[in-house]
Amino acid sequence: MTLPTIALALQDSGAPLSPAPASHTGALLDMLHNSGPTALTVLGILLLSSIFSWAIMLSKWRTFRAADSQSRRFVRAFRKSGRLSEIAAVADQFRPSPLVAVFHEIHDEYQRQAGGRGTPPNPQALERAALTAASESLTIMEHRMTWLATIAQSATFIGLFGTVMGIVDAFHGLGTAGAATLRAVAPGISEALITTAAGLAVAIPALIGYNQLTARLRESAARMDDFGRELLNAIENAALLTPATPPAAPAPGPPTSQMLEDQPRRRSF
């Protein structure tokens, strides 16, 4: 007997044919339509949390990428230049870089101590200025990162709350119906499953984004420390090449070639 014959025989006998399987999208929409106010509230909170976390991640990613690009350009310009005043004049062009703040803090402290020339009387003050500038820059870069960590940790618990309430509704429906039927427990179970899945969908990207951004912050902190030490070493090396006491003033007259050769060659700041 062929399949069409069997189908006609079942239809004539009154046996219902199995319906065509519904799509996943239609099933999800049906679950949302049949969800209660608790599940809808949980889903709404998770939706807002997801939008907020993605906004933070995208914004931070663009900010860190611009900061890294400008930091590389600033370091190249610093190493090519021979004067501290030249770097100070163009440093604001690399403002998205956190290294600019470190440079300005050390430069200002150096100007207050030694007028921008010679050995600084208090090198420890320069180191403290570099640490202060690096800490302030990291604080600015960490803005709203705590929100991302909070969403990553709390989204699963919010989804778990919806899961528990869905199971409670399932048992309530089972007690009301008085019989263990699928129709009695299906709405509560569907609410529990959908809130669990929504909580994981929000928490996993937020957790991955937080870990990646935290690693970028650690790299930025290490880069600022390295640049601060490099700048301090450059200042100290230039100061060591400067004569401790000025030589005796020669007789008036144009400098000779021998006098020009006797002058020490040093990196001028």
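This structure is a prediction, so every number in the text was calculated from the model and none was measured. (Residues numbered from 1 in each chain as written. Predicted model: local features only at pLDDT ≥ 70, side-chain atom pairs only at ≥ 80, totals over all residues. Heavy atoms only, no water.)

Moving on to the nonpolar core. Formed by 44 residues in total, the largest nonpolar core has its most connected members in Phe74, Val102, Phe103, Ile106, Phe227 and Leu231. Every residue in contact with Phe74, bar those within four places of it in the chain, is listed here: Ile87, Ala91, Phe94, Leu99, Val100, Phe103 and Phe227. (Core = buried A, V, L, I, M, F, W, Y, C linked by side-chain atoms within 4.5 Å. Buried < 20%, exposed > 50% of the residue type's maximum accessible area, 1.4 Å probe, protein only. Contact = heavy atoms within 4.5 Å.)

Here the focus is a positive patch on the surface. On the surface, Arg72, Arg73, Arg76 and Lys80 cluster together into a patch of positive charge. Within the fold, Arg73 resides in helix α3 (residues 37–80). (Patch = residues over 30% accessible without salt bridge, like charges linked within 9 Å, V, L, I, M, F, W, Y side chains within 5 Å. Areas by Shrake-Rupley, 256 points an atom, 1.4 Å probe, with all protein chains shown as cover. Salt bridge = Lys/Arg side-chain N within 4 Å of Asp/Glu carboxyl O. Lys, Arg positive; Asp, Glu negative; His and termini not counted. Charge placed at Lys NZ, Arg CZ, Asp CG, Glu CD. Helix = DSSP H or I, 4+ residues; strand = E, 2+ residues; numbered from the N terminus.)

This model, assessed by the stated rule, comprises five aromatic pairs. The rings of Phe74, Phe78, Phe94, Phe103 and Phe227 are connected pair by pair, giving a single aromatic cluster. Lying across the ring of Trp61, Arg216 places its NZ or CZ 5.0 Å from the centre. (Phe/Tyr/Trp six-rings, centres within 6.5 Å; stacked < 30°, edge-to-face > 60°. Lys NZ or Arg CZ within 6 Å of the ring centre and 35° of its normal.)

Two elements in contact, helix α5 (residues 98–114) and helix α6 (residues 123–141), have axes whose closest approach is 8 Å; the angle formed by their N-to-C orientations is 150°. Judged by the angle between their axes, α5 and α6 are roughly antiparallel. Here α5 runs over α6; the crossing is right-handed. For the pair α5 and α6, contact is made by Pro98, Ala101, Val102, Glu105, Ile106, Glu109, Tyr110 and Gln113 and by Ala125, Leu126, Ala129, Ala130, Ala133, Ala134, Ser137 and Met141, respectively. A breakdown of the residues in the contact of α5 with α6 according to their chemical character gives twelve nonpolar, two polar and two charged. (Axes fitted to C-alpha atoms, helices over the stretch in contact; angles between N-to-C directions. Parallel < 35°, antiparallel > 145°, perpendicular 65-115°, else oblique. Left-handed = near helix turned anticlockwise from the far one by under 90°. Nonpolar A, V, L, I, M, F, W, Y, C, P; charged D, E, K, R; others polar.)

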